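What follows is each chain in one-letter form.
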Amino acid sequence: MKQAKKEGAPKKPAPAAQSVYELLPEVKPGQSIELLKELHILTRDGKLNQDSRRKLKQVYHLVQFIEPLVGDVLEKQGESKHGVSLVDHGAGKSYLGFILYDLLFKNKAAGEGGHIYGIETREELVQKSTELAARLQFGGMSFLNLSVAESTDSGKLPAAIDVVTALHACNTATDDAIDFALKKKAKHIVLVPCCQAEVASVLRKNKGKDLGRSALTEIWRHPIHTREFGSQITNVLRCLQLEAHGYQVTVTELVGWEHSMKNELIVATYKNLPRKRPAERLQQVLAEVGLDEMAQRFYTGEPAVSTND
């Protein structure tokens with residue numbers, strides 16, 4: 001015969017509810033859960049699927065490169081801190097900009113935060129990002145419906161920018177971002193170049209007359225090699241151009257972007273380095289591979305930043 005349960009017996013305490021930060025170690029403490037849901041990284045019930053986990057890992061990886069650059073700008077401002085200005089070109093849905101602001105800017109004291117500008121040609125994405133920033137009270141974010149080239153002369157941006165990023169800006173948009181950074185006297189430039197058809201098209205156009213000139217033209221004689229070599233030489237020219245403006249350039253693989261063939265990361269920091277040799281090398285490479293007509297695209301010139309900065 002079963003014994004009746006004693007009335008008033010103490011119940012076992014319910015297990016303490018775990019926070020989303022405990023359940024999802026990928027989410028950093030204090031990170032906006034609402035933001036991650038709005039960016040569709042987290043589902044509405046706070047779950048993280050495999051694709052979103054990979055996407056978050058990729059953005060974090062890029063943030064790791066940018067965070068010390070932001071710190072460097074603030075450190076060099078000394079006591080007269082006024083924050084960091086950062087422009088993200090080809091922002092798309094602004095995953096990078098929003099997560100950068102959430103992790104590095106939103107909780108900073110006055111003068112230690114800054115402003116992030118997202119540049120994007122698709123008006124509907126600019127509108128959505130503007131509305132999301134307002135909803136999250138991310139007051140230091142602005143979104144502009146401009147091309148990269150248009151943004152260079154836009155009065156809606158400051159005359160000088162501290163950090164410029166361009167993540168997979170297609171075709172010549174990466175080159176326009178470099179032009180923007182040079183003209184805006186950027187202290188740091190972070191690029192993940194995308195495909196660029198311009199150089200390959202010039203190589204293809206001049207192939208007939210160049211083939212007998214040098215054995216090196218065999219490198220891009222076949223159409224598939226023209227495309228691949230065009231992509232490779234484009235990034236070489238970009239690096240030489242930055243060095244010819246006094247920047248220290250580091251090129252590495254952006255580990256964590258395994259799904260993309262475009263996995264090259266270029267980080268340039270203005271150091272006021274000697275410009276003569278990289279400028280000469282740039283001209284020599286252009287001449288050697290028959291790209292003289294592209295000298296205006298990969299221009300050299302005066303230093304981007306004052307030596308007193």
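Residues numbered from 1 in each chain as written. Predicted model: local features only at pLDDT ≥ 70, side-chain atom pairs only at ≥ 80, totals over all residues. Heavy atoms only, no water.

**Quick word on the overall build of the protein**
Here's step 1: Secondary structure assignment for the protein yields 10 helices and seven strands.
Here's step 2: Every one of the 309 residues in the protein was classed for burial, and the buried ones make up 48%.
Here's step 3: Of the contacts formed within the protein by residues at least 6 apart in sequence, a portion of 75% connects residues at least 24 apart.
Here's step 4: With an accessible surface of roughly 16,700 Å², the protein has 52% of that area assigned to carbon and sulfur atoms. (Helix = DSSP H or I, 4+ residues; strand = E, 2+ residues; numbered from the N terminus. Buried < 20%, exposed > 50% of the residue type's maximum accessible area, 1.4 Å probe, protein only. Contact = heavy atoms within 4.5 Å. Areas by Shrake-Rupley, 256 points an atom, 1.4 Å probe, with all protein chains shown as cover.)

**What to know about the sheet that holds strand β5 (residues 188-192)**
Here's step 1: The seven strands lie next to each other as β3-β2-β1-β4-β5-β7-β6, forming an open sheet whose pairing is mixed. One side of each edge strand has no neighbouring strand; the edge strands of this open sheet are β3 (141-145) and β6 (247-253). Geometrically, the sheet is characterised by an average inter-axis angle of 15 degrees between neighbouring strands, direction not taken into account.
Here's step 2: As paired strands, strand β1 (residues 84-89) and strand β4 (residues 163-167) are joined by four bridges and run parallel to one another. By the bridge assignment, valine 87 is partnered in β4 with valine 164.
Here's step 3: In the packing of helix α4 (residues 95-105) onto the sheet, contacts are made with β1, β2 (114-120), β3 and β4, and the angle to β2 comes to roughly 175 degrees. (Pairing = 2+ DSSP bridges. Axes fitted to C-alpha atoms, helices over the stretch in contact; angles between N-to-C directions.)

**Focus on the pattern of salt bridges**
Here's step 1: Throughout the structure, instances matching the rule amount to 12 salt bridges.
Here's step 2: Between lysine 106 and aspartate 102 there is a salt bridge whose closest N-O contact spans 2.5 Å.
Here's step 3: Among the residues examined, lysine 106 registers a relative accessible area of 27% and is labelled partly exposed.
Here's step 4: Overall, aspartate 102 belongs to the buried group, its relative accessible area being 3%.
Here's step 5: Here the salt bridges share partners, and the residues they tie into one network are Asp176, Glu198 and Arg297. (Salt bridge = Lys/Arg side-chain N within 4 Å of Asp/Glu carboxyl O.)

**Some thoughts on helix α7 (residues 173-183)**
Here's step 1: For α7, a buried count of 10 out of 11 residues is recorded, marking the element as mostly surrounded by other parts of the structure.
Here's step 2: Burial in α7 covers these residues: Ala173, Thr174, Asp175, Asp176, Ala177, Ile178, Asp179, Phe180, Ala181 and Leu182.
Here's step 3: On its buried side, α7 packs onto β1, α6 (148-152), β4, β5, α9 (223-243) and β6.
Here's step 4: Downstream of α7 by a residue or two, lysine 185 has a phi angle that is positive, lying close to 55 degrees.

**Here we look at the pairing of β1**
Here's step 1: Most of β1 is tucked away, with six of its six residues classed as buried.
Here's step 2: Residue alternation in β1 divides its side chains into two sets, Val84, Leu86 and Asp88 and Ser85, Val87 and His89, and both sets are buried.
Here's step 3: Bridge count between β1 and β2: six bridges; the pairing is parallel. Residue pairing for β2: valine 84 is matched across the bridge by glycine 114.

**Describing helix α5 (residues 123-136)**
Here's step 1: Here α5 is 14 residues long and its end C-alpha atoms lie 20 Å apart, about the 20 Å a rise of 1.5 Å per residue gives.
Here's step 2: Of all the residues in α5, the buried ones are Leu125, Val126, Ser129, Leu132, Ala133 and Leu136. Seen along its axis, α5 keeps its buried residues to an arc of 130 degrees; they face one direction. Along α5, exposed side chains directed more than 90 degrees from the buried face belong to Glu123, Lys128 and Ala134. (Expected span 1.5 Å × (residues − 1). Arc of directions from axis to C-beta.)

**A word on the environment of serine 147**
Here's step 1: In this structure, serine 147 sits in the loop between β3 and α6.
Here's step 2: For serine 147, a relative accessible area of 22% gives the class partly exposed.
Here's step 3: Put simply, serine 147 and glycine 90 are 57 residues apart on the chain and 7.9 Å apart in space, counted from C-alpha to C-alpha.
Here's step 4: In contact with serine 147, other than residues within four places in its own chain, are Ile119 and Thr121.

**Some words on the packing of α7 against α9**
Here's step 1: α9 packs onto α7 with a crossing angle of 5 degrees between their chain directions and a minimal axis gap of 12 Å. By the angle between their axes, α7 is roughly parallel relative to α9. Only Arg238, Gln241 and Leu242 of α9 make contact with α7, whose side of the interface consists of Thr174, Asp175, Ile178 and Leu182.
Here's step 2: A class-by-class count of the residues in the contact of α7 with α9 yields three nonpolar, two polar and two charged. (Parallel < 35°, antiparallel > 145°, perpendicular 65-115°, else oblique. Nonpolar A, V, L, I, M, F, W, Y, C, P; charged D, E, K, R; others polar.)

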